[in-house]
Amino acid sequence: MKKELNDEINNAISLIYKDFFAECEDIMLAEFGIKLDYLKVKSQTKPLPYLRAIYTHYCLNKGVPIKVIANRLDMNNATPLAYWRNKYDDSYKYNEDFKVLADRFNKRLKEKENGIQETTI
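## Some remarks on the nonpolar core
- Counting 34 residues, the largest nonpolar core has Met 28, Ile 54, Tyr 55, Leu 73, Phe 98 and Phe 105 as its most contacted members.
- Only helix 2 (18-32), helix 3 (36-39), helix 4 (48-61), helix 5 (66-72), helix 6 (79-94) and helix 7 (96-113) provide two or more residues apiece to this core.
- In terms of residues, this core owes the most to one element, helix 4, which gives eight residues.
- Apart from residues lying up to four places away in sequence, Met 28 is in contact with Gly 33, Ile 34, Leu 51, Ile 54, Tyr 55 and Phe 105.

Right, dumping it as structure tokens:
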């Protein structure tokens, strides 16, 4: 019964933020060819942690709580996401691989906001 209640609560919370998740996941698919299931893979092989960091950064900027993001990514613990939340700016500034991915995501996001549809895959 408790698990069912928790599942219902989590589903209700996800519905509140579904538009933000959908937009981010659409951009991830269009720009990088990856789906949410790929972001859920329990791996630290590059570029997966970078893509999770970009996903987290976008959602946090939209006001989605970090625990909700962790739940969306099927993570038991939000600590890795909190780490990336704190390291995003430094990674963007000093890690060229991360910067390239973040720039691609942000360019696609800006195009979507401006109504421009372009394919880069």
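## Comments concerning the side chain of Glu 25
- In this structure, Glu 25 sits in helix 2.
- Relative accessible area serves as the criterion here: at 15%, Glu 25 is assigned to the buried category.
- If we skip the residues at most four places from it in the chain, Glu 25 touches Ile 34, Leu 36, Tyr 55 and Arg 72.

## A closer look at the pattern of salt bridges
- Under the counting rule described, the total for this entry stands at seven salt bridges.
- For the salt bridge of Lys 112 with Asp 26, the shortest nitrogen-to-oxygen distance reads 3.7 Å. Of this pair, Lys 112 sits in helix 7 while Asp 26 sits in helix 2, and the two are 86 residues apart along the sequence.
- In this structure Lys 112 comes out as partly exposed when scored by relative accessible area, which is 30%.
- What makes Asp 26 partly exposed here is its relative accessible area of 43%.
- The shortest N-O distance in the salt bridge between Lys 40 and Asp 74 comes to 3.3 Å. One end of the pair, Lys 40, is in the loop between helix 3 and helix 4; the other, Asp 74, is in the loop between helix 5 and helix 6, with 34 residues separating them in the sequence.

The rules we used
Residues numbered from 1 in each chain as written. Predicted model: local features only at pLDDT ≥ 70, side-chain atom pairs only at ≥ 80, totals over all residues. Heavy atoms only, no water. Core = buried A, V, L, I, M, F, W, Y, C linked by side-chain atoms within 4.5 Å. Buried < 20%, exposed > 50% of the residue type's maximum accessible area, 1.4 Å probe, protein only. Helix = DSSP H or I, 4+ residues; strand = E, 2+ residues; numbered from the N terminus. Contact = heavy atoms within 4.5 Å. Salt bridge = Lys/Arg side-chain N within 4 Å of Asp/Glu carboxyl O.

Everything listed is a geometric property; what it means functionally is a separate question.
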